[in-house]
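# Descriptive analysis of the structure
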Amino acid sequence: MSNKKHSPQPKRSETLSGRLSKSASELSCSAQAPASPPRARSAHHHTPLSVVHRTQHFFTNLKSRWQRSRSKERCPAGTVFTLAPGLDSSGTDYGGDSDHSTPANSPRRRLTRDLSRQVSTEPAPSTSSTPHHHPRPPPELMQLVFDYDWGLQDDFMGSCNLDLTALELGRMQDLVLCLRDPNKPHQDMGEIVLNVTLWPKSQEDKDQYLLKNTRINDVNKRLKAQIWSSVVTIVLVEAKNLSAMDLDTRSSDPYCKFRLGNEKYKSKVVWKTLHPSWLEQFDLHLYDDQEQVLEVTVWDKDKQTKDDFLGRCTIDLSKLEREKTHSMWKELEDGNGQIFLLLTISGTTQSETITDLTSYKENPRDLEIIERRYTWYRLNETSAGVGWLCVKVYGAKGLAAADLGGKSDPFCVLELGNARLQTHTEYKTLTPNWMKIFTFTVKDISSILELTVYDEDHDHKVEFLGKLAIPLLNIRNGEKRWYALKDKKMRARAKGNYPQILLEMLVVWNPLKGAIRVVNPKEPKYMHQEAKFKRQLFIRNVMRLKAIIMWFIEVGKILQDCFEWESRIRSFLGLLAWLAFCYYYEMWMLPFMLLMFFARNWLVYRLTGGNPLLVPVDDDDLLAEEDDEEEIDKEEKKSLKERLQAIQEVTQTVQNAIGYVASLGEAVKNLMNFTVPYLSYLAITMLFGAMLVLYVIPLRYLLMAWGINKFARKILRPHTIPNNEVLDLLSRVPDDETLLDCRELKTHPPNERKDARKKHKAS
């Protein structure tokens, strides 16, 4: 009987506990799915324990809620939430409002502990003896929103899930989550605004997370050394057949815009033309974590209205080969015309590429294949160019300090014709070790390799540190040595502690294809600085021309002396020579006389060792020239603008014309005195051929053939470029200015340096 009497007691206690009010913390700890609980009913059932237990439980619950409302605990770790007022949340109080509460900011201590376990990288231990491979669900945080009621049961207002895998470590994010009721899936419960920051539980977890996240690890490495991965060099050459936006002149004022990621550049405006030529260079930086698409847009400049759009094109850089200059014509979309670009992606930081000397292993088999490809009798090969150049850039020393801390951020740029490559940047050093290897296709064996060292600044600007010019025909294959760097004018040593660069070069070329190439038009260099008028350069070109004219004046004086019979013996011999020449002259004798000049200068070349302008010089030989140039520069800065501004355009044309004539005369002189032995021997071969042709074939037939060729060229070969083989050959011969640019400086170790400049100024 006693058992029967006390058997209903558990059921009554469960009923009472179900009727009592539950707090939000109790619901958050419940294992059951959130459901919308009914409102608590007034307890009027008469049971023996109803009055005492209900009263005690009510005041206990009231006390705990009051304490929690005054609590100001903060989460020591895990996810930090800041709740904003909910948007369009359902009102549950009689006044239409609600007192929002959520387990995410009420039981903060328990929430932080549970969340830290979810973020932890250690796998949960298996409790089963048999291994079961169950996929681990992604870590999520459930948010429950209730209406807070004093002493009564909280009203359920909705729930939402927060995916922790979508959060970034240490980054504050504002999220808006929609509330849902599982029992009423189609009812709109409003929104909740969260401010979330995800932090690791400890420093060990943070280090472990960074090690596993390879992308962040790579970014940190790049931030320590170099934030960009490659440099995209764009040479904007020209455009053709653009749309005419100015109806009055039937032309446009085009300019270009480039955009790569967040980096943008704008070219200059070329006024009133549909075929603009810009010849501008832009350096953009390529990042691994950005979209590798270069966008080019062409616009028409308007002074009073908005600029007109002429067309656009996009270039996918991920499909282009690295460390190679690409020449490309691109059709403009949404417009008419084409645009011509030279694009190079270089300066890569990846050590896995073939340009890294530390991981490069030379294969003799590859060199044999290249040498076989450029054998002299292989003229029908499909390979472009006449040869192959390999340059190994090891490092530099003694560079000037361009930064305030006494260091520099140097990188090296290599240019061969229109091809341009560069190394990565070595930060905070005066002795960089680039350890890079570059290869070029040689299109003209008479080209000059230019190496320039710059200092990189934070605003993507550069500062000059030194330059070097090396003719390809002067390269000694396989020789690893130091080269002294020059200043911008290429006449003196660059600033610093005897700056030098360590190089090793190898050039393989086909001599027969090279001979055919040098008698054809020379490829123009698209990127070059415009020649502005300078008084100093004007005077220098006049002196160069004067030296050439004086040689002809000396010859004229000798002839005049013969005519005046100043020396009877010389005049008599000259008369006999003139009579014999007029009586016995044949056309083959002209190349023969030129061969006599070559024979004389060849003897001088073999005995003296070549042109004195190519002999390495020391600093003492350049001090007098530097002092004169400094005085001229000071005078030029004072009076150039006032005296020459009105005639600047005319004098600039005269200056360039005089420089061209002087260069042509010096090229003839250097061709005759074996400054470039290969070109001199080639000229001798051509003279022998001309001599034999003129000896076998009469001049009248040669002139007839020449006339027929000139008149029929437009009909038979309308697209050929008219050229002069002699001038094309002379354009390959360096003049004295180029020889001075290529003249080497003697290398000195820093400990044996003597201050020659101070001695010279003191004297």
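Residues numbered from 1 in each chain as written. Predicted model: local features only at pLDDT ≥ 70, side-chain atom pairs only at ≥ 80, totals over all residues. Heavy atoms only, no water.

### Structural notes on the sheet that holds strand β13 (residues 325–331)
Convention followed: Whether two strands pair depends on DSSP finding at least two bridges between them. Working definition: helices are DSSP H or I runs of at least four residues, strands are E runs of at least two. Numbering for both runs from the N terminus. Where helices are involved, their axes are fitted lines through C-alpha atoms of the stretch in contact, as for all axes, and angles between N-to-C directions lie from 0 to 180°.
If you trace the 4 strands from one edge of the open sheet to the other, you get β10-β7-β14-β13, paired in antiparallel fashion. Bordering the open sheet on either side are β10 (277–286) and β13, each of which pairs with just one other strand. Pairwise comparison of adjacent strand axes, ignoring direction, gives a mean angle of 25° for this sheet. Strand direction decides the pairing type here: strand β7 (residues 230–240) and β10, joined by 8 bridges, are antiparallel.

### Concerning the pattern of salt bridges
Pairing between side chains of opposite charge can happen when the charged atoms of each approach one another. Stated formally: The salt bridge criterion pairs a side-chain nitrogen of Lys or Arg with a carboxyl oxygen of Asp or Glu, the two atoms within 4 Å. The buried label goes to any residue with under 20% of its type's maximum accessible area, the exposed label to any with over 50%, and the partly exposed label to all in between, with areas taken from a 1.4 Å probe on protein chains only.
Taken as a whole and judged by the stated rule, the model has 20 salt bridges. Across the pair R732 and D444 runs a salt bridge, and its minimum N-O distance is 2.8 Å. Here D444 lies in the loop between β18 (436–442) and β19 (448–456) and R732 lies in helix α17 (residues 725–732), a separation of 288 residues in the sequence. Across the pair, D444 and R732 agree in class, each one buried. With its nearest N and O atoms 3.3 Å apart, the salt bridge here joins R544 to E666. Linking R544 in helix α10 (residues 535–564) with E666 in helix α14 (residues 648–672), this pair joins segments that are 122 residues apart in sequence. Across this residue pair, the class does not change: R544 and E666 are buried.

### Some points on the sheet that holds strand β21 (residues 480–484)
Strand order across the open sheet formed by 4 strands is β18-β15-β22-β21, with antiparallel pairing between neighbours. Of all the strands in the sheet, just β18 and β21 have a single pairing partner and so form its edges. Recorded for the sheet is a direction-independent mean angle of 35° between the axes of neighbouring strands. Relative to strand β22 (residues 496–509), β21 runs antiparallel, the two being bridged by 5 bridges. Looking at β22, one finds that Y483 is bridged to I501.

### Considerations on the packing of aromatic side chains
What counts is decided by this rule: Ring pairs shown here join Phe, Tyr and Trp side chains whose ring centres sit within 6.5 Å, with only the six-membered ring taken for Trp; geometry is labelled stacked below 30 degrees between planes, edge-to-face above 60, and tilted in between. Note on geometry: a ring has a charge over it if NZ (lysine) or CZ (arginine) is within 6 Å of the ring centre and within 35 degrees of the ring normal.
Applying the stated criterion to the full structure yields 16 aromatic pairs. Here the aromatic rings of W299 and F309 are separated by 5.2 Å at their centres, their planes lie at 75°, and the arrangement is edge-to-face. Separated by 10 residues along the polypeptide, W299 in strand β11 (residues 293–300) and F309 in strand β12 (residues 308–316) bring together distant segments of the chain. On the numbers, 6.2 Å between centres and 80° between planes, the contact of W588 with Y695 is edge-to-face. One end of the pair, W588, is in the loop between α11 (568–584) and α12 (589–608); the other, Y695, is in helix α15 (residues 677–696), and 107 residues separate them in sequence. An aromatic cluster of three or more residues is present, and its members are F598, Y605, F674 and Y681. Residue placement shows K266 over the ring face of Y255; its charged tip is 4.7 Å from the ring centre. When the ring centre of Y394 is taken as reference, the NZ or CZ atom of K480 above it lies at 3.9 Å.

### What to know about unusual backbone geometry
Although it is not a glycine, R250 sits at a positive phi angle of roughly 50°. If you trace the backbone, R250 turns up in the loop between β7 and β8 (254–260). In this structure, K428 takes a positive phi of about 55° despite not being glycine. With respect to the helices and strands, the residue K428 is situated in the loop between β17 (419–422) and β18.

### Quick word on the side chain of R732
We apply this condition: In protein, a polar contact requires one atom able to donate a hydrogen and another able to accept it; more generally it is a pair of N or O atoms within 3.5 Å, and residues adjacent in sequence count only if both atoms are side-chain atoms. Only heavy atoms matter for contacts: two residues are in contact if any of them lie within 4.5 Å across the pair.
In this structure R732 comes out as buried when scored by relative accessible area, which is 4%. Among the polar contacts made by the side chain of R732, one reaches the side chain of D444 at a distance of 2.8 Å. Ignoring anything within four residues of it in the chain, the contact list for R732 reads D444, S446, R517, V518, N520, P521, K522 and L679.

### A closer look at the nonpolar core
Quick note on the threshold: For the purposes of this section, nonpolar cores are sets of buried Ala, Val, Leu, Ile, Met, Phe, Trp, Tyr and Cys residues that join through side-chain atoms within 4.5 Å.
Ranked by internal contacts, the top residues of the largest apolar core, which has 51 residues, are L389, F440, L449, L451 and I501. Ranked by residue count, the leading element in this core is α15, at 7 residues. If sequence neighbours within four positions are ignored, L449 has contacts with L389, V391, E415, L416, F440, L468, A469, I470, L472 and M505. One finds L236, L260, L310 and M328 within the second-largest nonpolar core, a separate group that totals 27 residues.

### Some words on the packing of α12 against α15
In plain terms, the rule: In this scheme, roughly parallel covers angles under 35 degrees and roughly antiparallel covers those over 145, while 65 to 115 is roughly perpendicular and the rest are oblique. By convention the crossing between two helices is left-handed if the near helix lies anticlockwise of the far one by an angle smaller than a right angle, and right-handed if it lies clockwise.
At a closest axis distance of 10 Å, the pairing of α12 and α15 adopts a crossing angle of 155°. As far as their axial angle goes, α15 and α12 are roughly antiparallel. Taken as a pair, α12 and α15 cross one another with a handedness that is left-handed. Facing P591, F592, L594, L595, F598, W602 and Y605 of α12, the residues of α15 in contact are P677, S680, Y681, A683, I684, L687, F688, A690, M691 and L694.

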